[in-house]
Amino acid sequence: MRKELNQLREEMARRGLHACLIPTADFHGSEYVHDHFQFRRYVSGFTGSAGTLVVTPQEAGLWTDGRYFLQAEQQLAGSGITLYRSGMPGTERIPQFLERTMPDRGRLGVDGRTISYKMGRHLENLLEHKKISLAYQEDLADAVWAGRPPILPQKIWELPVSCAGQGREEKLAVLREKIQESGANSHLITTLDDIAWLFNLRGGDIPQNPVFFSYCLLTPEETSLFVYGEALSPELRRALEEDGIRIRPYAAITEALGDLDESCRLLLDTSQVSYSLKKAIPKEVRRVFGPNPSTLLKSIKNPTEIAGLREANRKDGVAMVRFLCWLEETVGKEPVTEMSAAEYLDSCRRSQENFLDLSFDTIAGYGPHGAIVHYEATPETDCPLQPEGFLLVDSGGHYLEGTTDITRTIPLGLLTPEMKTRYTQVLQCMLHLAAARFPHGCRGENLDILARLPLWEEGLDFRHGTGHGVGFLLNVHEGPNRFHWNQHGEKSGCVLEPGMVTTDEPGYYEDGKFGIRIENDLLCVEGPQTSYGSFLAFEPLTLCPISTAAVEPSLLTQRDKDLLNQYHQRVWEELSGLLPEKEKAWLHHATRPI
C-alpha cells in the first residue's frame, strides 16, 4: 500500500469526502501536463500520460487505455490500487464504480479546474439519483503533496510570419467570423495549443509541448490574453498591445468572466472549458455550445506550414538514417542499450539546423519492452541490445519548420517466422491506409479499416488509435483529425480536409515477447475531380526507410511491393543528396526494390 494513498485518504476524511477523483489534467485539458499537475502520478506511482484515479475509503482504482495496460499493471503492483482497463468488455466504468462505492448524499471531491464542464455535468447527472454532490473546489494536492513542484513560467517567444504563414490579425479576423456564424459574439478559449496558434506565440511551460499557460477571451470590444506577466518580454508585450491585444494577469480570467453581462453570447467548448470556469460565468450570460473554431482552423495547414513540414521531415529523415546506419554497424560489436540508442538518436536530431526540442521522449523498446506501447526505459529496466529480435523506436522532433513523429521497428538479427509474419501484416496495414483514395466528406473512422483489415482477417488487432493529428511546431498529438474505428465521447473525429496531417501507425503487440509499429505522417492532399465529386489522397511526409529484412515477401501482393518500392524511391530521391557517402551507401541499400 502506497503511503501517498493513505495520506490522501486521511485528508479526504478531514474534509468529509466519500470519494476523490484525480484526472491526468491541468486547468486547460492538456494531454501532457506540467509536473505541478502530476498529482495522479504522485499518489498512484503510475507514470503513463493518460489515466484517472478514483479513491474511496475502502477502494482505489485507476482507469487507463490500451496503450498502458502492461505498464500500469507493473507499476500498480502492491500499491493498493486496482487497474481498470478502459474499453475492455466487462470493465466497470468510473460512474458505476462511484455509484457502487459511495453512500447516498455523499460528497465527491474533485478540483473543478482539472475536469471539463462536460465531464462534471456527466458525473452530476449520473449520480443525481443518489443525491451525491460534486465538491468541485477541493484542491487536495496542495494539502497532501509535500514538495509539489511550482509553476515557473518560461519565456514566450514569437513565431515569425515567415514560418506561420499567417499573421495573428488575419487569424483573429477569421476566428471572429466563425464566432458570429455560431450565433455568438464572444468566445472563451482555454486550450493552450489553440491560443499559441492564434497569436503566433510559442512557449515552454509543458516539456516538449511549445505552449504557455494562458487563456483568451474575445468579446465585441476587445481581445484579452491572460498570461503570467513575467513570461513576456517588454518588446513582445508592446508588439501584442500594438496589435490591439489586451494583456491581463493569468489568474484574472475568473474575474473577467464574472464581469460579463447579459449582452454577451459566449461560445464555449464544454469538452475543453473547465467545470470551475463554467461555474464562474454569470447566469444572465447566454451560452452557445460548440467546438473551438480555432481547433479546426489550426489543423488545416497553410502552404507555408506545409512547405515547412516537408523540410522538417527531410531533416528528420537525415537524422533517422544516421541513427539506423550507426545501429546496424554497432549492435553486436559494441555495447548498446535502449537508453544509449535513444540518446544517440536524440543527438542526431539535435545536430540538425533549426532543431528546437524533441516532440516527446524517445521510446526505444527492445524485445518484450516493445510490447509496452508507451514504454519508458529507466536505469532499472534499460537492457542491452542483442543481434536478434526487434527494437521498436518511436520518436520525433520540433524544428522551426514544424513537428515530426515517426516509428520504425528495426530487426537487429535473427527473427522467428511469427515475427516476420506479423511485421509484414503491420506493414500492409500501414501501406494500405497511406494509399487510400477517398471522396471528400470521409472521416477518419471511414478509413481506419484499411489499416486494420490484414490483422482483423487473422482475428488480431491493436489497442490504440491508428493515427492522430500533428501540430505545426505545437503538440505532437493534435485534433480533431484522427484514425480510429471506435469514435466515442470527446474523441470523435472530423471530416478530413486537404492540409491536415495525421499519423498512420498500426501495430501488433505480443505481451512478453515483442512489439511492432510502423508510423509515417500523412498529409491530406487534393486528388482528382470526378463525376462522383472531389477525391482526396495522402502524401507521406515522413522520409525514412522501412526495413525489408523483416518482411516475408510471400505474404505481399504485387500492389504491396509496388507501394513500398514507390515510397522507398521517394525517400532515396529526397535524402540521398543530403547525406555523406557512408550513410548514402547505406540508404541506397535500404531503399533497393523488394
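In this report, we go over the structure that sits alongside the text. In this text the structure is predicted, and so the values were computed from the model without any measurement.

## Thoughts on the packing of aromatic side chains
Under the counting rule described, the total for this entry stands at 22 aromatic pairs. Note on phenylalanine 355 and tyrosine 399: the rings are 5.6 Å apart at their centroids and 75 degrees apart in plane angle, and the pair reads as edge-to-face. Residue phenylalanine 355 is found in strand 15 (residues 355-358), and its partner tyrosine 399 is found in strand 18 (residues 397-399); the two are separated by 44 residues along the sequence. Using a relative accessible area of 0% as the deciding quantity, one classes tyrosine 399 as buried. The rings of Phe27, Phe37, Phe213, Tyr215, Tyr228 and Tyr250 are connected pair by pair, giving a single aromatic cluster.

## Examining the side chain of histidine 568
With respect to the helices and strands, the residue histidine 568 is situated in helix 19 (residues 558-575). Overall, histidine 568 belongs to the buried group, its relative accessible area being 0%. If near-sequence neighbours (up to four positions away) are discounted, histidine 568 is found in contact with Pro545, Ile546, Thr548, Ala590 and Thr591.

## Quick look at the sheet that holds strand 18
Either a parallel or an antiparallel arrangement is found when strands of a sheet pair, and the pairing is made through backbone hydrogen bonds. With respect to topology, three strands assemble into an open sheet ordered 15-18-19, the strand pairing being antiparallel. Single-partner strands in this sheet number two, and they are strand 15 and strand 19 (402-403). Pairing of strand 15 with strand 18 involves three bridges; the strand directions are antiparallel. Bridge assignment links leucine 358 to a residue of strand 18, and that residue is glycine 397. Lying on the sheet, helix 14 (residues 303-330) is in contact with strand 18 and strand 19; it crosses strand 18 at an angle near 130 degrees. This element, helix 15 (residues 338-350), spans strand 15 and strand 18 of the sheet and lies at about 155 degrees to strand 15.

## Comments concerning a nonpolar patch on the surface
A contiguous nonpolar surface patch, about 440 Å² in accessible area, is contributed by Ile449, Leu450, Leu453, Trp456 and Trp485. Its location among the elements puts isoleucine 449 in the loop between helix 17 (444-447) and helix 18 (453-456). Residue classification places isoleucine 449 among the partly exposed positions, given a relative accessible area of 39%.

## Comments concerning the sheet that holds strand 20 (residues 406-411)
Here we have three strands laid out as an open sheet, ordered 16-17-20, and antiparallel in their pairing. Of all strands in the sheet, those with a lone pairing partner are strand 16 (363-366) and strand 20, marking the two edges. The average undirected angle you get between the axes of adjacent strands in this sheet is 10 degrees. One ladder, built from four bridges, connects strand 16 with strand 17 (residues 390-395); its direction is antiparallel.

## Section: the pairing of strand 17
Most of strand 17 sits out of view: six of its six residues are buried. The alternating pattern of strand 17 places Phe390, Leu392 and Asp394 on one face and Leu391, Val393 and Ser395 on the opposite face, and all of these are buried. Bridge count between strand 17 and strand 20: six bridges; the pairing is antiparallel. Opposite valine 393, over in strand 20, you have arginine 408 as the bridge partner.

## Section: the pattern of salt bridges
With the rule as written, the count across this model stands at 37 salt bridges. A salt bridge links glutamate 138 to arginine 15, with the nearest nitrogen and oxygen atoms 2.7 Å apart. One end of the pair, glutamate 138, is in the loop between strand 6 (133-135) and helix 6 (140-144); the other, arginine 15, is in helix 1 (residues 3-15), with 123 residues separating them in the sequence. On the accessibility criterion, glutamate 138 (14% relative accessible area) is buried.

Reading guide: rules and limits
Sequence order as written defines residue numbering, which begins from 1 separately in each chain. Confidence filtering applies because this is a predicted model: local features only for residues at pLDDT of at least 70, side-chain atom pairs given and counted only at 80 or more, and all residues used for totals across whole chains, interfaces and linings. Computation of side-chain values covers all heavy atoms of the structure but excludes hydrogens and water. In this scheme Phe, Tyr and Trp rings, the latter by its six-membered ring, pair at centre separations within 6.5 Å, and the angle between planes marks the pair as stacked below 30 degrees, edge-to-face above 60, and tilted otherwise. Where helices and strands are cited, they refer to DSSP runs of H or I of at least four residues and of E of at least two residues respectively, numbered from the N terminus. Here's how the labels work: a residue is buried when its accessible area is under 20% of the maximum for its type, exposed when over 50%, partly exposed in between, all with a 1.4 Å probe on protein chains only. In this description, contact between two residues means that some pair of their heavy atoms is separated by no more than 4.5 Å. For two strands to be treated as a pair, DSSP must find no fewer than two bridges joining them. Throughout, an axis means a line fitted to C-alpha atoms (over the contacting stretch in the case of helices), and angles, computed between N-to-C directions, take values from 0 to 180 degrees. Patches here are clusters of residues that have more than 30% relative accessible area and form no salt bridge, with a 9 Å joining cutoff for like charges and a 5 Å cutoff for nonpolar side chains (Val, Leu, Ile, Met, Phe, Trp, Tyr). Note on areas: Shrake-Rupley, 1.4 Å probe, and residue coverage restricted to the protein chains presented here. Criterion for a salt bridge: a side-chain nitrogen of Lys or Arg within 4 Å of a carboxyl oxygen of Asp or Glu.

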